[in-house]
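Here is how the chains run, residue by residue.
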Amino acid sequence: MTKKLLIVESPAKAKTIEKYLGGDFSVKSSYGHIRDLEKGNDLGVDVDNNYRPKYVIPPDKNKTVKELKEAASKSAEVWLATDEDREGEAISWHLAEVLGLDAAKTKRIVFHEITKPAIQKAVQNPRTVNMNVVNAQQARRVLDRLVGWELSGLLWKKVKGQLSAGRVQSVAVKLIVEREREIQQFNVTPFFRVTAQFFAKNAQGKIVTFKAESPTRFDDAAGAAAFLEKCIGASYAVGNIEVRPTRRKPAPPFITSTLQQEASRKLGFSVNRTMSVAQKLYEQGFITYMRTDSTNLSETALQAISDEILKQFGGRYHQRRQFKTKNESAQEAHEAIRPTYIERQSISPNRDEQRLYELIWKRAMASQMADAELEKTTVDIGISTQPAAQLVAEGEVLKFDGFLKVYMESSDEEDEETAGILPPLTKGQQLDLDEMTATERFTRPPARFTEASLVKKLEELGIGRPSTYAPTISKIMEENRGYVVRDSRPGEERVFQILTLKNDKIAQTKSKEVTGATKNVLYPTDMGMIVSDFLEDNFGKIMDYGFTAKVEAEFDDIAEGKMEWPRMIDRFYRPFHQDVEKTLKEAERAQGERILGKDPETGRTVLVRMSTLGKPVIQIGTREELAPKEKPRYANLRPGKNLETVTLEEALESFQMPRTLGEHEGQPLEVNTGRFGPYVKLGNLFASLAKGEDPFDITYERAVELIEAKKQADKPVGHFEGQPITKGKGRFGPFLKWADLYVNLPAKVNFDQLTEKQAIELIQQKIEKEANRYIHHWPEEKISVENGRWGPFIKFGKAIVKLPRIEGGSMTADQARSLSLADVKAIIEKEMPGVFDAKKPTAKSGGKAAGKKK
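Residues numbered from 1 in each chain as written. Predicted model: local features only at pLDDT ≥ 70, side-chain atom pairs only at ≥ 80, totals over all residues. Heavy atoms only, no water.

A. Seen up close, the overall build of the chain. When helices and strands are counted, the chain shows 21 helices and 34 strands. The C-alpha extent of the chain, read off along each of the three principal axes, is 105 × 85 × 55 Å. Considering the chain as a whole, with its 854 residues, one finds that 47% of them fall into the buried category. Counting only contacts in the chain whose residues sit at least 6 apart along the sequence, the fraction spanning at least 24 positions is 67%. (Helix = DSSP H or I, 4+ residues; strand = E, 2+ residues; numbered from the N terminus. Buried < 20%, exposed > 50% of the residue type's maximum accessible area, 1.4 Å probe, protein only. Contact = heavy atoms within 4.5 Å.)

B. Here's a closer look at the side chain of serine 152. Along the polypeptide, serine 152 turns up in helix H5 (residues 131-158). Its relative accessible area of 13% is what places serine 152 among the buried residues. With near-sequence residues (within four places) excluded, serine 152 lies in contact with Val147, Leu163, Ser164 and Ala165.

C. Region of interest: the pattern of salt bridges. Tallied over the full model, the rule gives 55 salt bridges. With its nearest N and O atoms 3.1 Å apart, the salt bridge here joins lysine 249 to aspartate 371. Of this pair, lysine 249 sits in the loop between strand S11 (236-248) and helix H8 (256-267) while aspartate 371 sits in the loop between helix H11 (351-366) and strand S12 (372-383), placing them 122 residues apart in sequence. Note on aspartate 371: relative accessible area 3%, which makes it buried. Where arginine 265 meets glutamate 262, a salt bridge forms, and the shortest distance between an N and an O atom there is 2.8 Å. Here arginine 265 pairs with glutamate 262, and both are found in helix H8, just 3 residues apart, close to one helical turn. Owing to a relative accessible area of 1%, glutamate 262 belongs among the buried residues under this scheme. (Salt bridge = Lys/Arg side-chain N within 4 Å of Asp/Glu carboxyl O.)

D. Representation of the packing of aromatic side chains within the structure. Enumeration according to the criterion identifies 18 aromatic pairs in this entry. Here the aromatic rings of tyrosine 55 and tryptophan 93 are separated by 6.1 Å at their centres, their planes lie at 70°, and the arrangement is edge-to-face. Here tryptophan 93 lies in helix H3 (residues 86-98) and tyrosine 55 lies in strand S6 (residues 55-56), a separation of 38 residues in the sequence. Overall, tryptophan 93 belongs to the buried group, its relative accessible area being 12%. (Phe/Tyr/Trp six-rings, centres within 6.5 Å; stacked < 30°, edge-to-face > 60°.)

E. Fine view of the sheet that holds strand S7 (residues 78-80). The 4 strands are arranged S2-S1-S7-S8 in an open sheet whose pairing can be described as parallel. Only two strands of the sheet have a single partner each, and these edge strands are strand S2 (25-29) and strand S8 (107-108). Note: S7 against S8, 2 bridges, orientation parallel. Within S8, the position partnered with tryptophan 79 by the bridge is lysine 107. Against the sheet, helix H1 (residues 11-21) engages strand S1 (4-8) and S2, with an angle of about 170° to S2. (Pairing = 2+ DSSP bridges. Axes fitted to C-alpha atoms, helices over the stretch in contact; angles between N-to-C directions.)

F. Structural detail: helix H14 (residues 526-538). Between its first and last C-alpha, H14 extends 19 Å over 13 residues, near the 18 Å set by a 1.5 Å rise per residue. Lining the buried residues of H14 we find H5, helix H6 (167-184), strand S18 (521-524), helix H16 (565-586), strand S20 (605-610) and strand S21 (616-620). (Expected span 1.5 Å × (residues − 1).)

G. The arrangement of the pairing of strand S29 (residues 733-738) in detail. As paired strands, strand S28 (residues 723-730) and S29 are joined by 6 bridges and run antiparallel to one another. Each residue of the ladder has a partner; that of lysine 729, found in S29, is proline 734. The pairing of S29 with strand S30 (residues 741-744) spans 4 bridges and is antiparallel. Bridge pairing in S30 links leucine 736 to valine 743.

H. Region of interest: the sheet that holds S21. Taken in spatial order, the 4 strands make up an open sheet running S19-S20-S21-S22, and their pairing is antiparallel. Single-partner strands in this sheet number two, and they are strand S19 (594-598) and strand S22 (633-636). For this sheet the average axis-to-axis angle between neighbouring strands, irrespective of direction, equals 25°. As judged from the 5 bridges shared by S20 and S21, these two strands associate in the antiparallel manner. In the sheet register, valine 606 faces S21, and the bridge partner there is isoleucine 620.

I. Representation of the environment of isoleucine 287 within the structure. Looking at the secondary structure, you find isoleucine 287 in the loop between helix H9 (271-283) and helix H10 (299-312). The spatial distance from the C-alpha of isoleucine 287 to the C-alpha of threonine 115 is 9.4 Å, given a sequence separation of 172 residues. In contact with isoleucine 287, other than residues within four places in its own chain, are Ala278, Leu281, Tyr282, Ile337, Arg338, Pro339, Thr340, Tyr357 and Ile360.

J. The side chain of threonine 583, seen in detail. Along the chain, the position of threonine 583 falls in helix H16. Classification of threonine 583 as buried rests on a relative accessible area of 5%. Setting aside its immediate chain neighbours within four residues, threonine 583 contacts Leu154, Lys158, Phe534, Asn538 and Phe539.

K. Representation of the environment of glutamine 261 within the structure. Summarising the element assignment, glutamine 261 is placed in helix H8. In the structure, glutamine 261 is positioned 189 residues away from threonine 450 in sequence and 9.1 Å away in space, judged by C-alpha atoms. Once residues lying within four places of it in the same chain are set aside, the contact partners of glutamine 261 are Ala452, Val455, Lys456 and Glu459.

Structure representation (structure tokens):
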């Protein structure tokens, strides 16, 4: 027992740190969290016992925990060195709990960068686990579990199965939904902007043109034309010239949110990609810790940056600055994101790492450089025929580049125009007009959110913290949630007018432009809008931006020891739980139904709504309009259309299916839509269209291509016990089919290169798993007791029912084997009262029967 054991979060960090500590320490990794709230059928929180969390070690962490326990038992002392944010502090506490250490005495070290001096300094100044910070993390985890658990269960019953909701994620979706509606409801108004091109001599005596613009916008073509007509035969003279010096200051060094925003604008990185690359840079010792909301720089960093600026650019370019952090909850002891060694400009052959590092390096350098000095010139140009009107020319000259030599911050604003350089002009100087144009322009709605601008908005509202932005955005974009998509969509062609005055004659022409085209922006789906509206209608407080920000501030108070976390949770949870119970009883099922009008052929109602499968559909005929056994007609929305904006005409177009494209191999080749989307059909062979493909645009050649690809995909990959093995891709990913057995393919298996041997092994594993699945099985009752990842459970139809706890512990598989059918029914009856009443429906619909509204 000679060495001390130091535990960090990641193996990459462990390797780097071990090099700096020498032979006194052995460094091991916990690979992130080693404990989490219990999952599966359990809430994981004892609400009646002061919200006590029920922590368990996930199965995939058992090996790591075993190795850490063995290493701890052989070490003289255990030190904890996880990250200094709340998650890191909580990981240290969980390690202390699991390894049997006293958190109040165990040494804990922190550092903002992985360099030899920083690590050695941290070892010389250890502290203990900060329980206030741990409690802030526990409060967030417990509250998010309570809200997510209850809202998700509610959405399953009131909207669609498999949906989920979270406290911060739901508010983020609401922002995107509100922005989309703002865009949809925006009234585009045309106006005319007048610009003129004049001739003048530049400093070298060469004739050049420069632009001037009328400060007045005209509402229509008539007003613009009248202005141009008054300019026929006019002379133009320079009036007032204003020259004023201006300065541009550099932006502060990066914090988490600004790094995510700028990497999105300059590099095209998603928020997740930025944080993943930054994590690698940090673990390799290239940058300081990347989850921070402080713009502070240490004295050492300030001196190093100063030396580098003096060395590369000279004394005039240096200006020492210490930026004040805007966020009151930011910890000034933390640092902004900066290179650990500023003299190092090239760090990695990995392109993503090098590009992000260069961005961080430039921003840190620029933050300590002198202001850029500019000279801004504004020139008024008088019109002889219109004394009350004038044109204005603006120019900008860079006198000293300062920090701009290294870096210029980007913006989310579109079409930013930079003023050019004006030729030398003098007051009273006569100007020759080249031409004057009045161009029709249009007001624009606010831009849709990008990942970067959404982070900026969340930060402005005080929602979330540096460690939560990336997970929040990733969650709302998960495919199984289906609330938000990041997409690039083509715009629409628009005609605009141009009036041109040249040589005292006015010409009128028309031109075209594309409007509304987007690239990598966030769109809410129909499901996202329906869920957001449902939560807003029933949980206005939870969806309120100010309330969500207040909860974040209370987490900060807990971290500072100003508030007890169970009391904070209780104040939130009790009224919230009552709202959930009330909504469960009183709220109607949310379908987003919207009546469009009447079908001209039948006179029946045409409406759009969300189906029980979670797909937007068009329906002709309501229950009141149909005969007793008659069913409504259904069609899918065409790609690019949504429930809120589709028109009656567009909806009726969708019923022009099936379309016969011709014959192939002696059979009709058709394109149609069904429950699971559009498809092409040849005889008994069906092939789904690719995501986003419009069945109305499918050609004969494309349909044949899909059919041939389907034939190839349906060819057996082999045989097992005399029966063919086929493969395919379904709603839940790639799968194998053998007899009546379906086997999902694991991610590590290459779908395209799957061999017969691999397929047989997967089938045999599935057969073995199915054999061990059931503890009891009563198919005629649609009841089974099954083994699950978190222990045995009851399945009744599609409903999952928890087994009762025995003597304070979960029931084991052996104990479950002693249960009779009557025992199991009694447990189900207790959870779902009246479900076995002969007059009530069975659990065929997944356990909805018990709570179904009469």
